[in-house]
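# Analysis of the macromolecular model
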Amino acid sequence: MKFDCIVKNGTLVSRGDSFKADVGITDHRISAIGKDLGGKGVKDVYDASGCFVTPGFIDSHTHMNLPLANTVSSDDFFTGGRAGVWGGVTTIIDFTTPEPNQAPAEAIKERRKEAGISPIDFSFHGTLYGYNNLDRGDLNEAIEMGVTSFKFFTAYGESNRRTPDGELVEALGEIGKLGGLAMVHCENDEIIAKKREELKSGGKKSIKYHPISRPDYSESEAVGKVVHLAGAAGGNLHLAHLTTKESIEILERSKGAGIDLSGETCPQYLLLTEARYEEENGHRYAATPPLRKDKDREALWKGLANGVLESVATDHCPFRNDQKDEFADDFLNVPQGLPGVETLGSILFSEGVGKGRLSIERMVELISENPARRFGLYPNKGSLTVGTDADITVFDPDKSKSLNPDNLHMNTDFNPFTGKTSRGWPRFVFLRGKPVLEGDNFVGRKGGGSWIRRKKRNK
Ligand SMILES: [Zn+2]
């Protein structure tokens, strides 16, 4: 067999297993996996000794170039995708940003133009604000285009992004029938609206009131309801960014009941607590749902280890300090979101594998195989299998880096993990057989990523 390049002497981690082997790459695809691969005419050999060789990481929840709160998230598809490369991410699933009443297919076409500069592969979840003006044909058109998951919010009524329950249950049923997946941001809007109004009229606008305005039960109530509705409607449901112990308990109980259900959490909810909102620049940690308590963090780690949660994604939605500082004393209006695409793998390795909470095999399931399976990318993404895209992260468990923003590449001067050092970073990253990271050097290119059509459920 003739190889364009070989990744040699690493420990492969794929499909729940790990073993020593080389990977041969021919024409953008994995062409062989085995011992002592070689032969004449191999152009490049990449030394992976001491490293884990994993399928490229997938961040299945990012917000590049997202208009929000009269500003725009500070990474575009190029800077954000490139930062992802430094962290071993080779595919992102971002979101469409439709105008009110814009058909999903139109929103997909527009967002694809914005994302064309991405240096890594990309897809979108189709964002829907309500379900009144859509018909089966519109959804089907999006699914046929390869956008097979749709995002709904049960919160954000104040910015007209909420889908009321009656519309949501119809959408869940319809999407299920079409072989799509509904992804829902679950928070009880009425509880939050009342809390926000009370705090506002009492002049309590400091960020320390942010978690009080969105209590843990406002999340778990909505999780319970939406899971129930998905069960009743026969829908396939993915729960975005879960943050509370009670949400995990509901997920655990409901998964046994035959509902097609999955859940994700994010590094910020695994590492940080609401104590950050008491700090001097606490507003810079603004995110929804808010950071929670230690008991929640512990439940989330447990859920990742025991299989109740399927995936970790970042909800990457960075802002610079100046964008947030304008609202330093106004949690009601501060742009909500945190950076994360670059630190996903390293944090999960350092805090998860390094601290004995997760095995390396489980880590790879959580940030590559499971999101690939759940969102219709598998096995071309999310596995090291002969014949699939050679998206490969060569992950060096001994490489350490400080998580201070000046040491990272996301387009923001804020990082929620500043002061920490994480162990475990990529040595090489390949996107469809071509290196995009060599050591600390980005060697990919603007526009080097491809739009990925995703498959339907059960196909
Ligand atoms: Zn999000």
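Rules used throughout
Residues numbered from 1 in each chain as written. Predicted model: local features only at pLDDT ≥ 70, side-chain atom pairs only at ≥ 80, totals over all residues. Helix = DSSP H or I, 4+ residues; strand = E, 2+ residues; numbered from the N terminus. Rg over C-alpha atoms; globule rule 2.2 N^0.38 Å. Buried ≥ 20, exposed ≤ 12 C-beta atoms within 10 Å, placed from the backbone. Expected span 1.5 Å × (residues − 1). Contact = placed C-beta atoms within 7 Å. Pairing = 2+ DSSP bridges. Axes fitted to C-alpha atoms, helices over the stretch in contact; angles between N-to-C directions. Nonpolar A, V, L, I, M, F, W, Y, C, P; charged D, E, K, R; others polar. Domains from an automatic or database assignment. Core = buried A, V, L, I, M, F, W, Y, C linked by C-beta atoms within 7 Å.

## Focus on the overall build of the protein
Along the protein, the regular secondary structure elements total 13 helices and 19 strands. Compactness check: the protein gives a C-alpha radius of gyration of 21 Å against a globular reference of 23 Å for 459 residues, within 12% of the reference. Taken over the C-alpha atoms alone, the protein extends approximately 75 × 50 × 40 Å along its principal axes. The buried share of the protein, taken over its 459 residues, is 56%.

## Side note on helix 4 (residues 165–177)
Between its terminal C-alpha atoms helix 4 stretches 18 Å, which fits the 18 Å expected from 13 residues at 1.5 Å a residue. Inspection of helix 4 places Leu168, Val169, Ala171, Leu172, Glu174 and Ile175 among the buried residues, and these make up the whole buried set. On its buried face, helix 4 is in contact with helix 3 (136–145), strand 11 (149–153), strand 12 (181–185), helix 7 (216–233) and strand 13 (236–239). Directly beyond the C-terminal end of helix 4, a positive phi value near 85 degrees is found at Gly179.

## A word on the pairing of strand 1 (residues 5–14)
Relative to strand 4 (residues 44–47), strand 1 runs parallel, the two sharing four bridges. Looking at strand 4, one finds that Cys5 is bridged to Asp44. Where strand 1 meets strand 2 (residues 17–26), eight bridges bridge the pair, whose relative direction is antiparallel. Residue Leu12 lies in a different strand from strand 2, and its bridge partner there is Phe19. The pairing of strand 1 with strand 5 (residues 52–55) spans two bridges and is classified as parallel. Counted as the bridge partner of Leu12 is Val53 from strand 5.

## A word on helix 7
With 18 residues, helix 7 should reach 26 Å at 1.5 Å per residue; the first-to-last C-alpha distance of 26 Å fits that figure. Taken together, the buried positions of helix 7 are Asp216, Ser218, Glu219, Ser220, Glu221, Ala222, Val223, Gly224, Val226, Val227, Leu229 and Ala230.

## Some points on the packing of helix 2 (residues 104–115) against helix 3
The packing of two helices is summarised by the inter-axis angle and the distance between the axes. Contact geometry of helix 2 with helix 3 gives a least axis separation of 8 Å together with a crossing angle of 35 degrees. Here Pro104, Ala105 and Ile108 of helix 2 lie close against helix 3, whose contacting residues are Asp138, Leu139, Glu141, Ala142 and Met145. Counted by class, the contact of helix 2 with helix 3 contains six nonpolar, no polar and two charged residues.

## A closer look at unusual backbone geometry
Residue Thr288 is joined to Pro289 through a cis peptide bond whose omega torsion reads -10 degrees. Along the polypeptide, Pro289 turns up in the loop between helix 9 (267–271) and helix 10 (294–306). For His28, which is not a glycine, the phi torsion comes out positive at approximately 75 degrees.

## Quick notes on the domain arrangement of the protein
Segmentation of the protein into domains returns domain 1 (5–54 + 388–442) and domain 2 (58–374). On the domain 2 side, the residues contacting the 33 residues of domain 1 number 40 residues. Mapped onto the side of domain 1 that touches domain 2, the elements with two or more residues apiece are strand 1, strand 2, strand 5, strand 16 (392–402), strand 17 (421–431) and strand 18 (434–438). Broken down by element, the side of domain 1 that touches domain 2 gets its largest block of residues, seven residues, from strand 17. A per-class count over the side of domain 1 that touches domain 2 returns 17 nonpolar, eleven polar and five charged.

## Digging into the nonpolar core
With 121 residues, the main nonpolar core has Val53 and Ala182 as its most contacted residues. Ranked by residue count, the leading element in this core is helix 7, at six residues. Shared between two domains, this core takes at least three residues from each, and those domains are domain 1 (5–54 + 388–442) and domain 2 (58–374).

## Examining the environment of Leu242
Counting through the fold element by element, Leu242 comes out in the loop between strand 13 and helix 8 (245–255). On the basis of neighbour counts, which here come to 27 C-beta atoms within 10 Å, the residue Leu242 falls in the buried class. Each C-alpha atom of the pair Leu242 and Leu332 lies 21 Å from the other, and the pair is 90 residues apart in sequence. Ignoring anything within four residues of it in the chain, the contact list for Leu242 reads Ser247, Ile248, Gly263, Glu264, Thr265 and Leu309.

## Some details on the sheet that holds strand 13
In spatial order, the strands read 6-9-10-11-12-13-14-15; together these eight strands make up an open sheet with parallel pairing. The open sheet terminates on both sides in strands that have one partner only, identified here as strand 6 (57–59) and strand 15 (311–312). Judged from the three bridges that link them, strand 6 and strand 9 (residues 89–95) form a sheet pairing that is parallel. Bridging across to strand 9, Phe57 finds its partner in Val89. Packed on one face of the sheet, helix 1 (residues 77–86) meets strand 6, strand 9 and strand 10 (121–127) and runs near 140 degrees to strand 9.

## Topic: the environment of Glu141
Relative to the helices and strands, Glu141 is located in helix 3. The spatial distance from the C-alpha of Glu141 to the C-alpha of Ala230 is 22 Å, given a sequence separation of 89 residues.

## Quick notes on the environment of Leu68
For Leu68, the position within the fold is in strand 7 (residues 67–68). Take Leu68: there are 16 C-beta atoms within 10 Å of it, and that puts it in the partly exposed class. Excluding its chain neighbours within four sequence positions, the residues that come into contact with Leu68 are Ser73 and Pro335.

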